[in-house]
Amino acid sequence: MNEVVISGVGLWHPADVITNEELVGAYNAWAARENHRNADAIAAGETTEIPLSSAEFIEKASGIRQRYAYVKDGILDIDRMRPRLPERGEDALSHQAEIALNAAVPALAAAGKSAADIDLVIVSCAYTQRAYPAIAIEVQAKLGIDGAGFDMLVACSAATFALQRAHDAIAAGSARAVLVINPELTSPQVNYRDRDGHFIFGDVATAMVLERAETCTALHSYTVLGTRARTVYSNNIRSNFGYLSYADDSNPYAADKLFHQNGRRVFKEVCPMAADHLLAQIQSVGLAVADIRRWWLHQANINMNQLIVRRLLGTEPSQDVSPIVLDEYANTASAGSLIAFALHHEDLKAGDHGVICSFGAGYSIGSLVLRKR
Ligand code: CO8
């Protein structure tokens, strides 16, 4: 088996920011208008008042202060409350391929690799904007890569599960180097009229290059000591968006077609699963928790991350040990742990160990144990 390394990482975020205050301002203006419209029905007990949101609640409950939006226009407009995304023609570069390229190009540069070095492109994220042709093949063509590309979806664990696929392909010898890209365009799937979920997500793209150790020339590189993927079926995070709506006559724009969750249940069920998974993963490569210099964890909720690390280490986690990026980026589906890695890896010393771990819808948990070279 070939030794596999991560040799390049790329991160891109949109220019537009939406703060908690802006988001709550728009939601509350919409809720107040609806409540005013329905005042008689509310007074008669026929319907209930729509509750207001609060920026303080959002930051305290999640750690999120702002999020990036690929297209901000439309999201804060109470007559619309979704991004106003211009449709592109079939001959134009698609939105998702564009943001994928924005992360892929710096990842290739960091690895010192060109299109000729890559055999496989995996685009892996929570949603792709179409079923086919694969976004990965569009990106492959744009970069001039002669090989194969495919898309895969595993919600919040899409990135780590794709990194496992990349690792296995290189280890087995079916690819020399693999480009994994996570163009997380989440804002079109957010229900900005749902108080429980309107604040959770942001848009971003991340990418990584994996290759055989012997071809690596990168300044910062990491041997992949082990990978682990686990899924346990749960309905607590769900989107019913899909191609059957055309045939089953359901409303393709109904609330159940957008992201919805039972956040409290997710919190309670996923934290212990993630901690147990990480412990087993670290032990399986012959390491102990104390050997891990840095934890690049999924970024859904700051309290969740602190609970998991506290459970593992028995101490209060610091930003140095377990960096938090969701205050700036919010939950970016599968890209969160890779953003944490992209922004917080260069200071590690040769021999230091770190863990990338995602957890979320499915449920799905994915992890990689790394050693800096
Ligand atoms: N403003 C003010 N009050 C609020 C708000 C708000 N916006 N929202 C809820 N409240 C109220 C509630 O009504 C409740 O009031 P009461 O006590 O009177 O009933 C109170 O605040 C507490 O509500 P919760 O119990 O719901 O609040 P929590 O403390 O549990 O925090 C969280 C809510 C932040 C959602 C938290 O539960 C959480 O983060 N859970 C984990 C969720 C998670 O990790 N989910 C993963 C989802 S991501 C994923 O898997 C990827 C999916 C694919 C990508 C999708 C792209 C769109």
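Fair warning: this is a prediction, and the values are worked out from it, not measured in the lab.

**Q** Tell me about the packing of aromatic side chains, residues and numbers included.
**A** Scanning the entire structure with this criterion turns up seven aromatic pairs. Between the aromatic rings of Tyr-222 and Phe-341, the centroid separation amounts to 5.1 Å while the plane-to-plane angle is 75°, which identifies the pairing as edge-to-face. Of this pair, Tyr-222 sits in strand β8 (residues 222-231) while Phe-341 is found in helix α11 (residues 336-343), placing the two residues 119 residues apart along the sequence. One exposure class covers both Tyr-222 and Phe-341, and it is buried. Within the aromatic cluster, the residues linked to one another by ring pairs are Tyr-222, Trp-296 and Phe-341.

**Q** Describe the site of the ligand, with residues and values.
**A** The environment of the ligand is formed by 28 residues, the closest being Cys-156, Arg-195, Arg-264, Asn-301 and Ala-361. Measuring from a nitrogen atom of the ligand, one finds a backbone N or O atom of Ser-54 at 3.2 Å. At a separation of 2.5 Å, an oxygen atom of the ligand approaches a polar side-chain atom of Arg-195. In the complex, 76% of the free accessible area of the ligand, which totals 1200 Å², lies under the protein chains. Among the elements of the structure, α3 (55-62) and α8 (263-284) are those that each provide at least two residues to the shell around the ligand.

**Q** Go over the nonpolar core, please, and point to the residues and values.
**A** In terms of nonpolar packing, the biggest core is built from 47 residues, with Leu-278, Trp-295, Ile-308, Val-355 and Phe-359 touching the most fellow members. Sorting the residues of this core by element identifies α1 (20-37), α3, α8, β11 (292-297), α9 (302-313), β12 (353-360) and β13 (364-372) as the ones contributing at least two each. Looking at which element gives the most residues to this core, the answer is α8, with eight residues. Setting aside residues no more than four positions away along its own chain, Ile-308 makes contact with Cys-271, Ala-274, Ala-275, Leu-278, Leu-297 and Phe-359.

**Q** Could you give an account of the sheet that holds strand β6 (residues 177-184), with specific residues and numbers?
**A** The strand order β5-β4-β6-β7-β1-β8-β13-β12-β11 describes an open sheet built from nine strands, whose pairing is mixed. The sheet is open, and its two borders are formed by β5 (148-153) and β11, each paired with just one other strand. Sheet twist, expressed as the mean angle between neighbouring strand axes with direction ignored, is 25°. By the bridge criterion, six bridges tie strand β4 (residues 120-125) to β5 in an arrangement that is parallel. When the sheet's bridge partners are listed, Cys-125 is paired in β5 with Leu-153. Running over the sheet, helix α4 (residues 95-111) touches β1 (4-12), β4, β6 and β7 (204-212) and is turned about 130° from β1.

Reading the values: the criteria
Residues numbered from 1 in each chain as written. Predicted model: local features only at pLDDT ≥ 70, side-chain atom pairs only at ≥ 80, totals over all residues. Heavy atoms only, no water. Phe/Tyr/Trp six-rings, centres within 6.5 Å; stacked < 30°, edge-to-face > 60°. Helix = DSSP H or I, 4+ residues; strand = E, 2+ residues; numbered from the N terminus. Buried < 20%, exposed > 50% of the residue type's maximum accessible area, 1.4 Å probe, protein only. Near = heavy atom within 4 Å. Polar contact = N/O pair within 3.5 Å; in protein donor to acceptor, adjacent residues only side chain to side chain. Areas by Shrake-Rupley, 256 points an atom, 1.4 Å probe, with all protein chains shown as cover. Core = buried A, V, L, I, M, F, W, Y, C linked by side-chain atoms within 4.5 Å. Contact = heavy atoms within 4.5 Å. Pairing = 2+ DSSP bridges. Axes fitted to C-alpha atoms, helices over the stretch in contact; angles between N-to-C directions.

No statement about biological role is implied by the geometric values presented.
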